[in-house]
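# Structural features, examined
Below, each chain spelled out in residue letters.
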Amino acid sequence: MDTSSRDWADTAIWWHVYPLGFVGAQTTPGDPGARPVEHTLGRLTAWLDDLVALGCNGLLLGPVFASESHGYDTVDHRRVDPRLGDDADLDALVAACRERGVRVLLDGVFNHVGRGHPWWRAAVEAGPGSPEAARFRSGDGERVVDGVPVVPFEGHDALVTLDHANPEVVSEVADVMAHWLDRGIDGWRLDAAYAVDPEFWRATVGPLRERFPAAWFVGEMIHGDYVAYVEESGLDSVTEYELWAAVRGAISSLNLFELSWTLGRHDGFAERFLPQTFLGNHDVTRLASALDPRHVGHAVAILFFVAGAPSVYAGDERGLTGVKEERFGGDDAVRQEFPADPGEWPPSDIYRTHQEAIAFRRRNPWLARATIEVQDLTNTSAVLVASGPAGERAELALNLGDDVARGASGEIAPHAWRLRGPQEV
């Protein structure tokens, strides 16, 4: 398959936004049909210049479609959530991104839907064994919900899982993705892809390639065989939680051997596809709450040094804090509202740290496909040497310790990091 039309993804640096939280929308359960249209999505436009100033060139949007509560219980994939606005608001945001050279990904929640979805209401009315009920998965793990046996997503009765072997489901999902690609988006983040048979994506995404050859598709993978899933599904990428866990874990436990081991695996992934890399997202504790403040910059530097298509979870560059809790509403603390005016949150040291690391990546775009050799490795210090496909070299020195680290690349001050480009190595 010719993937050259999607080479733009090699230079994509995403700003990942959870829209309902960003605009301060109420996420308590309710009927979207009874909600007034609030036209709040335009608040994001005011932040696009800040996105560009940070160094990003992509906007990765969380759920924007009509849902009952948090956005992942979709009831209409073709309608913008009224808490955010309407089609015109989304069109205007995409147009504003285009004016700035910013790519746009939408979040496709196609593993499951909310119980207010018309398909589910039809299944409840028609009853078990009906063609309407056959659109939903039954079997292992099923429960009776609203009188219909169905597999709820990860035990949440509010989320009923689609049967991805059903031709109607294949057709509907492909049609929804084509609908929004036609309206100008650049691709899809596919929620909970790890729970979906990879052949489903091949059946839906594959036929879209001819119409939308430049569209980029990334699946959410928390665990599993990343390479096999990409190859079997035909997707372009998956989210690399393994690197996320290793960066946070190695830094917080002062064990850079853990990072070194994972970087070897990461190189193997990057040989086969372009991983979607990140330090934070809408489902995990904020970066500034997970790490010693002295070491947040080390994590940021690693993210923009290693191969992949990196994303910044909006607010992490501002040092926002928040701890995820395993309870109803436990994600709210990491899905904060943003001010209408970015000037209310002036740039801080952590913002400038992000700018510095992103600027280095943009000066060295070959890093998206680089391999990493780890030198001078101790528990608290290491030198990462990146090699590019055309012989390029760069270096990232890390020191998490209280003492000066000494190695072949020179001295590194306590709790410091240092980037060196091809002209310096």
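Notes on the structure in this doc start here. (Residues numbered from 1 in each chain as written. Predicted model: local features only at pLDDT ≥ 70, side-chain atom pairs only at ≥ 80, totals over all residues. Heavy atoms only, no water.)

Further remarks concern helix α9 (residues 256-272). Between the first and last C-alpha of α9 there are 25 Å, a value that for 17 residues agrees with the 24 Å anticipated at 1.5 Å per step. Three or more residues of α9 are buried, namely Leu256, Leu259, Thr262, Leu263, His266, Asp267, Phe269 and Ala270. Burial along α9 is one-sided: seen end-on, the buried residues are contained in an arc of 165°. In this structure, α9 carries Trp261, Glu271 and Arg272 as exposed residues pointing more than 90 degrees from its buried face. (Helix = DSSP H or I, 4+ residues; strand = E, 2+ residues; numbered from the N terminus. Expected span 1.5 Å × (residues − 1). Buried < 20%, exposed > 50% of the residue type's maximum accessible area, 1.4 Å probe, protein only. Arc of directions from axis to C-beta.)

What follows covers the pattern of salt bridges. Under the definition given, this model contains 32 salt bridges. Measuring nitrogen to oxygen at the nearest pair gives 3.0 Å for the salt bridge that ties Asp10 to Arg369. Of this pair, Asp10 sits in the segment before β1 (14-17) while Arg369 is found in the loop between α12 (349-363) and β16 (371-375), placing the two residues 359 residues apart along the sequence. Glu231 is the salt-bridge partner of Arg272, the closest N and O atoms lying 2.4 Å from each other. (Salt bridge = Lys/Arg side-chain N within 4 Å of Asp/Glu carboxyl O.)

What follows deals with the nonpolar core. One finds Trp15, Leu59, Leu61, Trp188 and Phe217 to be the most contacted residues of the largest nonpolar core, which totals 122 residues. The greatest single-element share of this core, amounting to eight residues, is contributed by helix α5 (residues 167-182). Of all hydrophobic cores here, the second largest spans 11 residues; its members include Trp14, Leu60, Leu105 and Leu274. (Core = buried A, V, L, I, M, F, W, Y, C linked by side-chain atoms within 4.5 Å.)

Turning next to unusual backbone geometry. With a phi close to 55°, Asp146 is a non-glycine residue in the positive phi region. In this fold, Asp146 is placed in the loop between β7 (143-145) and β8 (148-150). Residue Asp146 is classed as partly exposed on the basis of its relative accessible area, which comes to 37%. Although it is not a glycine, Ala192 sits at a positive phi angle of roughly 50°. Here Ala192 is to be found in the loop between β11 (187-190) and α6 (198-211).

A separate point is the sheet that holds strand β18 (residues 393-399). If you walk across this open sheet you meet the four strands as β16-β17-β18-β21, and the pairing is antiparallel. Edge strands, defined here as strands with exactly one partner in the open sheet, are β16 and β21 (417-420). The mean angle between the axes of side-by-side strands here comes to 15°, regardless of whether they run parallel or antiparallel. The strands that α12 touches are β18 and β21; relative to β21, the one it contacts most, it runs at about 25°. (Pairing = 2+ DSSP bridges. Axes fitted to C-alpha atoms, helices over the stretch in contact; angles between N-to-C directions. Contact = heavy atoms within 4.5 Å.)

Looking at the largest pocket, its volume works out to about 1100 Å³. Taken together, 35 residues make up the lining of the largest pocket; nearest its centre are His70, His156, Lys324, Asp331 and Arg335. At three residues, strand β10 (residues 156-161) tops the list of elements feeding residues into the lining of the largest pocket. Here the residues of the lining of the largest pocket sort into 12 nonpolar, 11 polar and 12 charged. Here the lining of the second largest pocket is composed, by residue class, of seven nonpolar, two polar and nine charged. (1 Å grid on protein atoms, 1.4 Å probe; cavity = no way out; pocket = protein on both sides within 12 Å on 5 of 7 lines; lining within 4 Å. Points joined across faces, edges and corners; volume = space filled by probe spheres on them. Nonpolar A, V, L, I, M, F, W, Y, C, P; charged D, E, K, R; others polar.)

This paragraph deals with empty space enclosed by the protein. Per the counting criterion, the structure on display carries five cavities of 30 Å³ or more. Reported here for the largest cavity is a volume of approximately 100 Å³. In terms of lining, the largest cavity is formed by 13 residues, of which the most central are His16, Arg189, Thr239, Gln276 and Asn281. A breakdown of the residues in the lining of the largest cavity according to their chemical character gives four nonpolar, seven polar and two charged. Of the volumes computed, that of the second largest cavity is approximately 70 Å³. Every residue along the wall of the second largest cavity is listed here: His77, Phe110, Val113, His117, Trp119, Leu162, Val169, Glu172, Val173 and Val176. Top contributing element to the lining of the second largest cavity by residue count: α5, with four residues. A class-by-class count of the residues in the lining of the second largest cavity yields seven nonpolar, two polar and one charged.

Inspection of the secondary structure puts Thr353 in helix α12. Overall, Thr353 belongs to the buried group, its relative accessible area being 16%. Between the C-alpha atoms of Thr353 and His117, which are 236 residues apart in sequence, the distance is 44 Å. Beyond its immediate sequence surroundings of up to four residues, Thr353 is in contact with Gly297, Val300 and Trp417.

Our next topic: the sheet that holds strand β6 (residues 112-114). Ordered in space as β6-β10-β9, the three strands form an open sheet in which the pairing is antiparallel. Only two strands of the sheet have a single neighbouring strand rather than two, namely β6 and β9 (152-153). Direction of pairing for β6 relative to β10: antiparallel, over a ladder of three bridges. By the bridge assignment, Val113 is partnered in β10 with Val160.

A separate point is the packing of aromatic side chains. Under the counting rule described, the total for this entry stands at 21 aromatic pairs. Aromatic pair Trp14 and Trp216: ring centres 6.2 Å apart, planes at 10°, arrangement stacked. Of this pair, Trp14 sits in strand β1 while Trp216 sits in strand β12 (residues 216-219), and the two are 202 residues apart along the sequence. For Trp216, a relative accessible area of 3% translates into the label buried. Relative to Trp345, the ring of Trp47 lies with its centre 6.0 Å away and its plane at 70°, an arrangement referred to as edge-to-face. On the criterion of sequence distance, the pair formed by Trp47 in the loop between α1 (19-22) and α2 (48-54) and Trp345 in the loop between β15 (309-313) and α12 is long-range, its members being 298 residues apart. What makes Trp47 buried here is its relative accessible area of 0%. Taking relative accessible area as the criterion, Trp345 reaches 22% and is therefore assigned partly exposed. Grouped by ring-pair contacts, the aromatic residues Trp15, Phe22, Trp47, Phe338 and Trp345 constitute a single cluster. (Phe/Tyr/Trp six-rings, centres within 6.5 Å; stacked < 30°, edge-to-face > 60°.)

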